[in-house]
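# Structural features, examined
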Amino acid sequence: MPLISIIIPAFNEEKCLPLCLDSIFKLNYPRDKFEVIVVDNGSTDRTFEIAASFDVIVLQDSAKNVSGLRNLGSKQASGDILAFVDADCVVAQDWLSKAEKYFDDSSVAAWGSPPEPPEDSTWVQRAWFVVRQKHRDAEFVDWLESMNLFVRKDLFAKAGGFDESLITCEDVDLCYRLGKYGNIVSDSSLKVIHLGEAATVKEFFKKEVWRGAGNFRGALRHGLSLKELPSLAIPLYFGIFIPITFAWAISYAGGYIVALSLVLIFAPGIGAMIKTRNKQASALTRFQLLFLIHIYFLARTFTFFA
């Protein structure tokens, strides 16, 4: 049974970090088979003191971004398996025992699962999770979020770790590079609850503006993948193609062309909704999701042209 190094980057997480660490120390897994490393980003609240009160290794670096914090934790890790989770997450009691099935499977380079919204989630959190959840309980994927990500330490090093030049989308970039060494598996039995998921439309918009900042840069780092084209094309579609088409339709074409232009605005959203058709969701949730998808498009377009 290999040693697992659980790495938690944190910045001003005095509210959530105790819940995160409590859940880790309640795991139904041998205590001598995992270590916990909290990497504090120079917090101004009680994050460092809270971390130090637990049986964990505490590191501190106020100069690094989240990629750098995770890399710092990995360099101090003694385990053969690195388990990345965020400070505002709570892990299920069987998180490590469920992950154990992949420890000896050399064909798998990384594994994890999209973090789930909390029980008292808002409609925004519930609707957006329909996009993030997978079609099957376990399946091969292109990438996983670093809030719930297991990686073999040797392959993590071989891939070069997280790219510290990326502010966001560092997990996408890492997984595309790890994919050269083995499969990436999403397994819904590896449950993690994300307490910090955007709860309102305003928060959702701001987070997607922030996340969009690393979209193009990440593609340049790991090489363009055809599966990334839709997300990369969204800003160009809504920021250039739609305005030009609409302006041309008003100036030179008839009313039916103007109507067609309006239809084009909703076409990508409808296409995204079709991709979720096999996922369980109520009619109301699907309507809410369609609205959020267009907020997502707006945020990513805003990021590109801001």
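Placed above this text is the structure.
This next bit is on the sheet that holds strand β6 (residues 108-112). Sheet strands pair by backbone hydrogen bonding; their relative direction is either parallel or antiparallel. Pairing is mixed in the open sheet, where eight strands are placed in the order β3-β2-β1-β4-β8-β6-β9-β7. Looking at the sheet topology across the chains shown, the edges are occupied by β3 (57-60) and β7 (138-140). Geometrically, the sheet is characterised by an average inter-axis angle of 20 degrees between neighbouring strands, direction not taken into account. Relative to strand β9 (residues 183-187), β6 runs parallel, the two sharing four bridges. Bridging from a neighbouring strand, A110 pairs with I184 of β9. Against the sheet, helix α1 (residues 17-24) contacts β1 (4-10) and β2 (34-40), and its axis sits at roughly 175 degrees relative to β1. Sitting on the sheet, helix α3 (residues 66-76) touches β1, β2, β3 and β4 (81-85), and the angle it makes with β2 is about 145 degrees.

Time to look at unusual backbone geometry. In this structure, N12 takes a positive phi of about 50 degrees despite not being glycine. Looking at the element boundaries, N12 is found in the loop between β1 and α1. Judged by relative accessible area, N12 falls into the partly exposed class, the value being 30%. Positive phi is not limited to glycine here, since C169 has a value of about 60 degrees. Position of C169 among the secondary structure elements: in the loop between α6 (153-159) and α7 (170-178).

What follows concerns the side chain of S146. With respect to the helices, strands and loops of the structure, S146 is situated in the loop between β7 and β8 (148-152). Those residues within four positions of S146 in sequence are excluded, and the remaining contacts are R70, F84, V85, D86, F162, E170 and D171.

So, about the layout of surface pockets. Size it by volume and the second largest pocket reaches roughly 330 Å³. Forming the walls of the second largest pocket are 17 residues, and the residues nearest its centre are F129, Q133, K134, K279 and Q280. Element by element, the count of residues in the lining of the second largest pocket is highest for helix α5 (residues 123-132), at three residues. For the lining of the second largest pocket, a count of residues per class yields three nonpolar, eight polar and six charged.

Core analysis: the biggest nonpolar cluster contains 34 residues, and I6, I8, I24, W95 and W111 have the highest contact counts within it. Taken together, the elements giving at least two residues each to this core come down to β1, α1, β2, α2 (47-52), β4, β5 (89-91), α4 (95-99) and β6. Look past the residues within four positions of W111 in its chain and what remains in contact with it is I81, A99, Y102, F103, L144, N148, L149, F150, R152, V185 and L190.

With eight of eleven residues buried, α3 is to be regarded as a mostly interior element. For α3, every residue scored as buried is listed here: S67, G68, L69, R70, N71, L72, G73 and S74. Where α3 is buried, its residues touch β1, β2, β3, β4, α6 and α7.

A few words now on α5. By the criterion of burial, α5 is predominantly enclosed, with seven of the ten residues buried. Among the residues of α5, those classed as buried are V124, Q125, A127, W128, F129, V130 and R132. Tucked inside the fold, the buried residues of α5 contact α8 (201-212) and α12 (283-305).

What follows is about the pairing of β2. The element β2 is largely enclosed, with a buried count of seven among its seven residues. Here β2 shows a buried face lined by F34, V36, V38 and D40 and a second buried face lined by E35, I37 and V39. Here β1 pairs with β2 via seven bridges, running parallel. Of the residues in β2, the one forming a bridge with S5 is E35.

Our next topic: the environment of F238. Assignment of secondary structure puts F238 in helix α10 (residues 229-252). Taking the C-alpha atoms as reference, F238 lies 7.6 Å from I265; in sequence the two are 27 residues apart. Contacts of F238, omitting those with residues within four sequence positions, involve P243, I265, P268, F297 and T301.

Within the fold, T200 resides in the loop between β10 (192-194) and α8. Classification of T200 as partly exposed rests on a relative accessible area of 35%. Separated by 3.1 Å, the side chain of T200 and the backbone nitrogen of E203 make a polar contact.

Let us now look at the side chain of R152. Position of R152 among the secondary structure elements: in strand β8. Buried and without a salt bridge, R152 has D105 as its closest oppositely charged side chain, separated by 5.6 Å. Within the structure, R152 has its side chain in polar contact with the backbone oxygen of F103 (distance 2.7 Å). Sequence-distant contacts of R152, defined by excluding residues within four places in its chain, comprise D80, I81, Y102, F103, D104, D105, S106, V108, A109 and W111.

Calculation rules
- Residues numbered from 1 in each chain as written.
- Predicted model: local features only at pLDDT ≥ 70, side-chain atom pairs only at ≥ 80, totals over all residues.
- Heavy atoms only, no water.
- Pairing = 2+ DSSP bridges.
- Helix = DSSP H or I, 4+ residues; strand = E, 2+ residues; numbered from the N terminus.
- Axes fitted to C-alpha atoms, helices over the stretch in contact; angles between N-to-C directions.
- Contact = heavy atoms within 4.5 Å.
- Buried < 20%, exposed > 50% of the residue type's maximum accessible area, 1.4 Å probe, protein only.
- 1 Å grid on protein atoms, 1.4 Å probe; cavity = no way out; pocket = protein on both sides within 12 Å on 5 of 7 lines; lining within 4 Å.
- Points joined across faces, edges and corners; volume = space filled by probe spheres on them.
- Nonpolar A, V, L, I, M, F, W, Y, C, P; charged D, E, K, R; others polar.
- Core = buried A, V, L, I, M, F, W, Y, C linked by side-chain atoms within 4.5 Å.
- Polar contact = N/O pair within 3.5 Å; in protein donor to acceptor, adjacent residues only side chain to side chain.
- Lys, Arg positive; Asp, Glu negative; His and termini not counted.
- Salt bridge = Lys/Arg side-chain N within 4 Å of Asp/Glu carboxyl O.

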